[in-house]
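Tertiary structure, described
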Amino acid sequence: MHDIIIIGGGVIGLSLACELAGEGTKVAVLEKGGIGQESSWAGAGILPPGNPDGARTPEARLRACSHVLWADLSARLREETGIDNGFRRTGGLEVRIGGPVRALEDEVAAWRAEGVTVEPLAGRAVFEREGELHPEVTSAYRLPEMGQVRNPRHLKALAALALLRNVSLMPGTEVHRFELAREKAVAIETSAGRCTAGQFVVAGGAWSGRLLNDIGCPVAVRPLRGQIVLLSMLPTPLSHVVNVGPRYFVPRGDGRVLVGATEEAAGFDKSTTAGGVAGLMDFSLATVPALARATFERCWAGLRPQSADGLPYLGRVPQADNLFVATGHFRAGLQLSPATALLMSQLILGRETRLPLEPYSVTRHAGRRPEFFDQETHSPG
Ligand SMILES: Cc1cc2nc3c(=O)[nH]c(=O)nc-3n(C[C@H](O)[C@H](O)[C@H](O)COP(=O)(O)OP(=O)(O)OC[C@H]3O[C@@H](n4cnc5c(N)ncnc54)[C@H](O)[C@@H]3O)c2cc1C
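Residues numbered from 1 in each chain as written. Predicted model: local features only at pLDDT ≥ 70, side-chain atom pairs only at ≥ 80, totals over all residues. Heavy atoms only, no water.

What follows concerns the sheet that holds strand β11 (residues 193–195). One open sheet holds the three strands; their spatial order is β9-β10-β11, and the pairing between them is antiparallel. Strands at the two margins of the open sheet, each flanked by one partner only, are β9 (175–181) and β11. Along the sheet, successive strands turn relative to each other by an average axial angle of 25°, direction set aside. Taken together, the six bridges between β9 and strand β10 (residues 184–190) define a ladder with antiparallel strand orientation. Counted as the bridge partner of F178 is I188 from β10. (Pairing = 2+ DSSP bridges. Helix = DSSP H or I, 4+ residues; strand = E, 2+ residues; numbered from the N terminus. Axes fitted to C-alpha atoms, helices over the stretch in contact; angles between N-to-C directions.)

This next bit is on the site of the ligand. Close to the ligand lie 37 residues, the nearest being E31, S40, I46, F330 and Q335. At 3.0 Å, a backbone N or O of A44 approaches a nitrogen atom of the ligand. The protein chains hide 98% of the 1,000 Å² of surface that the ligand would expose on its own. Of all the secondary-structure elements, those providing two or more residues to the shell around the ligand are α1 (11–22), α2 (39–42), β13 (221–232), β17 (295–307) and α10 (333–348). Classifying every residue of the shell around the ligand by side-chain character gives 16 nonpolar, 15 polar and six charged. (Near = heavy atom within 4 Å. Polar contact = N/O pair within 3.5 Å; in protein donor to acceptor, adjacent residues only side chain to side chain. Areas by Shrake-Rupley, 256 points an atom, 1.4 Å probe, with all protein chains shown as cover. Nonpolar A, V, L, I, M, F, W, Y, C, P; charged D, E, K, R; others polar.)

This brings us to the domain arrangement of the chain. Looking at the chain, the domain boundaries give domain 1 (2–82 + 150–221 + 308–377) and domain 2 (92–144). The distance between the C-alpha centroids of domain 1 and domain 2 comes to 34 Å. At the interface, seven residues of domain 1 touch six residues of domain 2. Of the roughly 460 Å² buried where domain 1 meets domain 2, counting both sides, 57% is carbon and sulfur surface. Taking the shortest distance from any N to any O, the salt bridge between R63 and E114 comes out at 2.8 Å. (Domains from an automatic or database assignment. Contact = heavy atoms within 4.5 Å. Buried area = accessible area lost by both parts, 1.4 Å probe. Salt bridge = Lys/Arg side-chain N within 4 Å of Asp/Glu carboxyl O.)

Right, let's get into the pattern of salt bridges. Taken as a whole, this structure holds 21 salt bridges when the rule is applied. With a shortest N-O distance of 3.6 Å, E80 and R165 are connected by a salt bridge. Of this pair, E80 sits in helix α4 (residues 70–81) while R165 sits in the loop between α7 (151–164) and β8 (168–170); the two residues are 85 residues apart in sequence, bridging distant segments of the chain. Classification of E80 as partly exposed rests on a relative accessible area of 37%. In this structure R165 comes out as partly exposed when scored by relative accessible area, which is 22%. In this structure, E128 and R124 form a salt bridge, with 3.9 Å as the shortest nitrogen-oxygen distance. (Buried < 20%, exposed > 50% of the residue type's maximum accessible area, 1.4 Å probe, protein only.)

Once that is clear, we can look at the side chain of T340. Assignment of secondary structure puts T340 in helix α10. Every residue in contact with T340, bar those within four places of it in the chain, is listed here: I12, L314, A326 and H329.

To continue, consider the nonpolar core. Ranked by size, the top nonpolar core spans 45 residues in total, and within it I6, L62, V167, M344 and I348 carry the most contacts. Breaking this core down by element, the ones donating at least two residues are β1 (2–7), α1, β2 (27–30), α3 (58–67), α4, α7, β19 (320–327) and α10. Ranked by residue count, the leading element in this core is α1, at eight residues. Not counting residues up to four positions away in its chain, the partners in contact with M344 are L16, L314, G315, F324, V325 and A326. Formed by 25 residues, the second largest nonpolar core is a distinct cluster that contains I7, L212, I215 and Y313. (Core = buried A, V, L, I, M, F, W, Y, C linked by side-chain atoms within 4.5 Å.)

This is how it looks when you write it as structure tokens:
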């Protein structure tokens, strides 16, 4: 029997499996599809900076906790598995084209208040950093500590580390339901039969609500589709991650540039659409005109696990004291995965957690669960 069964082999489930197995526990990861093939594969891998000393909100505290873990984690993965996950601090620009010159002043002030290094850019300074941006950039700032990771490589490295630590990775194994008795999860019913374990963790991304709502656990998670386009062009016209509000460019350093992303409530449909891709192309050429000469490589879509308030659910399920949840990371699951793994392993192993977990509790919406989530959480997967 395993000590701990984790349901979901995305970045959250794999990161937690590595952490727990590193502490000597016997872990299995049950995954209905292929390991690391859903949202975690599809994401852009942008890693915004943070500062544990200046973080004041639950979002900022978790981001900062992760920020300080990424470099060591990446080095450890490279050493132990031989796989380079592509983690780099390339820096990031936030820009606006047209509109008021002072549009980003509040954001600059917020980063400063958090103690994160930020450089406001004006006039020529913008183009000294990124010479191919549209000439009508009206306001911009730079975050030198912004990083990025190559998601597929990171997932491959995590899976390799998990195997080195004797984690049982079980792709093609869907968990259908929990069996509860006397406020404990005693077993799960899966496509491969009934499985028992001492403790269970739901890390099922956008699908998590289905399992949890069935046992009365009030998490509100729905899929929010994101489409991404991959272009390639040498020399690459950008060196920073460039954000324009919710849309962005991620230059990979090998000529490839990711352009993302749409935000669409489309249930569990992962199709790419003509409208989605056209919107991303219009955005690309309006922001970096030189990309008109880039080659269109491919496009894809993934389902972000969106929670009701944008914060993940990290904690124990009230219905069973050996059942835990780590899900709902929305647009930030890659960046928040190291902190999630650390905090959840501390909680599961009964240790003091580096951050208080109350702001992320599964019961935080008790009595005011948003109605509009109901339909999506029960859609077929
Ligand atoms: C287009 C796009 C861009 C993004 N960009 C970024 C970014 O730049 N930075 C960032 O930090 N984040 C980004 N994200 C968000 C990030 O990808 C997610 O927050 C993160 O991947 C969530 O990880 P997860 O492990 O919870 O979910 P997933 O990766 O979806 O993994 C959950 C797994 O659980 C499995 N599962 C579910 N139910 C069951 C069951 N009953 N039985 C067995 N297995 C089950 C699923 O098959 C799936 O493999 C982006 C997402 C998208 C779609």
